[in-house]
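Observations on chain architecture
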Amino acid sequence: MRYGLVGSTGRMGQEIQKAFVDHTLCLTVNYEGSWSDGGKPDVIMDFSNPSCLPETVRLCREHGAALVIGTTGLKDGDFEMLRELARQVAVVQSYNFSIGINALKIILANYSKFFEDWDLEIVEIHHNKKKDAPSGTAIMLQNATGRPCPMHSLRIGGVPGDHNVIFSNEGEVLSFNHRAISRSVFAYGALRAAEFAATAKPGLYSFEEVLQCSLKKS
Ligand SMILES: NC(=O)C1=CN([C@@H]2O[C@H](COP(=O)(O)OP(=O)(O)OC[C@H]3O[C@@H](n4cnc5c(N)ncnc54)[C@H](OP(=O)(O)O)[C@@H]3O)[C@@H](O)[C@H]2O)C=CC1
Ligand SMILES: O=C(O)C1=N[C@H](C(=O)O)C[C@H](O)C1
């Protein structure tokens, strides 16, 4: 697979390059500018900042490349841009490319109805360089529960990503905790999404859908 990488110099950009060692990096974008080997990428990876999205979308259109986007902090207009691009190419968008978080999304979507009258709060912990709060994952998990709830963000040390979804009533506490031990899990998930997107029909896909498709095939 030939891939482009928006945010190539960042923490995730570095992890992606390690996970994609068997593939060819042919285009990069970062604050310092862009570079290309002159050929077409099959897929473009974007782990950067929402301000890069117009350039990412332009590059996907120019090359007819699929897109895998993990950048958080997207606004309604950004999602509109992704839906528009997805008419032309496959787009996989997720605020979290770990298997555990995507399994948790399915659990919450199916079982939150049991706890409709319980209190619900989400606590997320990330490294002190993270720019956005609450995390994209916290927003995604809240959406999966089907109702708004208070979200709390801690920015400490080098934590790659911890999420706690806590339900409680007068007599019980039920909490779901996911901890990313290494940032590499996101990069390996993104690789799985890229392999899917490179051959998928145009459309906007979640990572959960990518995982469901591979379960159906096995
Ligand atoms: N979906 C998921 O599973 C995950 C998503 N993320 C998300 O990925 C994103 C990146 O995270 P992380 O790698 O930690 O962040 P970093 O700050 O380490 O990296 C950001 C990258 O984007 C580049 N960049 C930022 N703004 C611009 C711009 N305006 N023009 C060109 N290049 C730009 C930076 O370039 P330069 O180095 O030159 O400044 C850098 O390469 C975040 O939104 C984060 O929340 C993170 C982990 C997992
Ligand atoms: O910025 C990070 O590091 C992470 N961002 C994503 C988010 O905002 O949810 C995913 C992961 O938790 C790491």
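The rules we used
- Within each chain, residues carry numbers counting from 1 in the order of the written sequence.
- Naming scheme: in the order in which they are written, chains are lettered from A and ligands are numbered from 1.
- With the structure being a predicted model, the display of local features is reserved for residues of pLDDT at least 70 and the display and counting of side-chain atom pairs for 80 or more, all residues being used for whole-chain, interface and lining totals.
- Excluding hydrogens and water, the side-chain figures rest on all heavy atoms present in the structure.
- UniProt positions are given in the numbering used here, feature names are shortened, and annotations may be inferred rather than shown by experiment.
- Two strands are counted as paired when DSSP detects at least two bridges linking them.
- Under the scheme used here, helices are H or I runs from DSSP no shorter than 4 residues and strands are E runs no shorter than 2 residues, and both carry numbers assigned from the N terminus.
- Think of it like this: strands point away, you trace from the first strand over the helix to the second, and a clockwise trace means the crossover is right-handed.
- Exposure is judged per residue with a 1.4 Å probe applied to protein chains only, and the accessible area is read against the type maximum: over 50% gives exposed, under 20% gives buried, and values in between give partly exposed.
- Throughout this description, a polar contact denotes any pair of N or O atoms lying within 3.5 Å of each other; where both atoms belong to protein, one of them has to be capable of donating a hydrogen while the other can accept it, and for residues adjacent in sequence the pair is counted only when both atoms sit in side chains.
- We call two residues in contact when some of their heavy atoms are within 4.5 Å.
- Note on geometry: axes are lines fitted to C-alpha atoms, helical ones only across the stretch in contact, with angles between N-to-C directions running from 0 to 180 degrees.
- Convention used here: angles under 35 degrees read as roughly parallel, angles over 145 as roughly antiparallel, angles from 65 to 115 as roughly perpendicular, and any remaining angle as oblique.
- Here a residue is considered near a molecule or strand provided that any single heavy atom belonging to it is located within 4 Å of it.
- Where accessible areas are quoted, they stem from the Shrake-Rupley method and a 1.4 Å probe; at the residue level, only the protein chains shown are allowed to cover.
- Polarity classes work like this: nonpolar for Ala, Val, Leu, Ile, Met, Phe, Trp, Tyr, Cys and Pro, charged for Asp, Glu, Lys and Arg, and polar for all others, with Gly in that last group.

An unreviewed UniProt entry lists the chain under the name 4-hydroxy-tetrahydrodipicolinate reductase, with Acetomicrobium flavidum given as the organism. UniProt's Subcellular location (unreviewed entry) comment on the chain is quoted here verbatim: "Cytoplasm". For the record of the chain, the UniProt heading Pathway (unreviewed entry) holds the text "Amino-acid biosynthesis; L-lysine biosynthesis via DAP pathway; (S)-tetrahydrodipicolinate from L-aspartate: step 4/4."

1. Remarks on the pairing of strand E7 (residues 119-126)
As paired strands, E7 and strand E9 (residues 162-168) are joined by seven bridges and run antiparallel to one another. Across the sheet, Glu-121 pairs through a bridge with Ile-166, a residue of E9. Judged from the five bridges that link them, E7 and strand E8 (residues 151-155) form a sheet pairing that is parallel. Within the sheet, the bridge partner assigned to Ile-122 lies in E8 and is Met-151. Between E7 and its parallel partner E8, the chain crosses via helix H5 (residues 136-145), and the hand of that crossover is right-handed.

2. Notes on the UniProt feature "active site" (unreviewed entry) in the chain
Mapped onto the present numbering, the UniProt feature "active site" (unreviewed entry) falls at His-126 and Lys-130. With respect to the helices and strands, the residue His-126 is situated in strand E7. Accessibility expressed as a relative area gives 7% for His-126, which makes it buried. Looking at His-126, its side chain comes within polar contact range of the side chain of Glu-124, at 2.7 Å. Residue position: Lys-130 is located in the loop between E7 and H5. Look past the residues within four positions of Lys-130 in its chain and what remains in contact with it is Thr-72, Ser-135 and Arg-155.

3. As for the packing of helix H6 (residues 184-197) against helix H7 (residues 207-217)
Interhelical geometry of H6 versus H7 gives an angle of 70° and a closest axis separation of 10 Å. Judged on the interaxial angle alone, H7 and H6 are roughly perpendicular. Two secondary-structure elements touch here, H6 through Gly-189, Arg-192, Ala-193 and Phe-196 and H7 through Phe-207, Val-210, Leu-211, Cys-213 and Ser-214.

4. A closer look at the sheet that holds strand E3 (residues 33-36)
Overall, mixed pairing links the seven strands, which are arranged E3-E2-E1-E4-E5-E6-E11 in an open sheet. Here the strands that pair on one side only, and so sit at the sheet edges, are E3 and strand E11 (203-205). Taken pair by pair, the neighbouring strands of this sheet meet at an average axis angle of 15°, ignoring direction. For strand E2 (residues 24-30) and E3, the ladder comprises four bridges, and the chain directions are antiparallel. Bridge pairing in E3 places Val-29 opposite Ser-34. Where helix H3 (residues 76-85) meets the sheet, it contacts strand E5 (66-69), strand E6 (90-93) and E11, and its direction lies at approximately 150° from that of E6.

5. Some details on the site of ligand 2
The local shell around ligand 2 holds 13 residues, among which His-126, His-127, Lys-130, Gly-136 and Thr-137 are the closest. A distance of 2.8 Å separates an oxygen atom of ligand 2 from a polar atom in the side chain of His-127. A distance of 2.7 Å is found between an oxygen atom of ligand 2 and a side-chain nitrogen or oxygen belonging to Lys-130. If ligand 2 stood free it would expose 330 Å²; the protein chains cover 85% of that surface. Classifying every residue of the shell around ligand 2 by side-chain character gives three nonpolar, eight polar and two charged.

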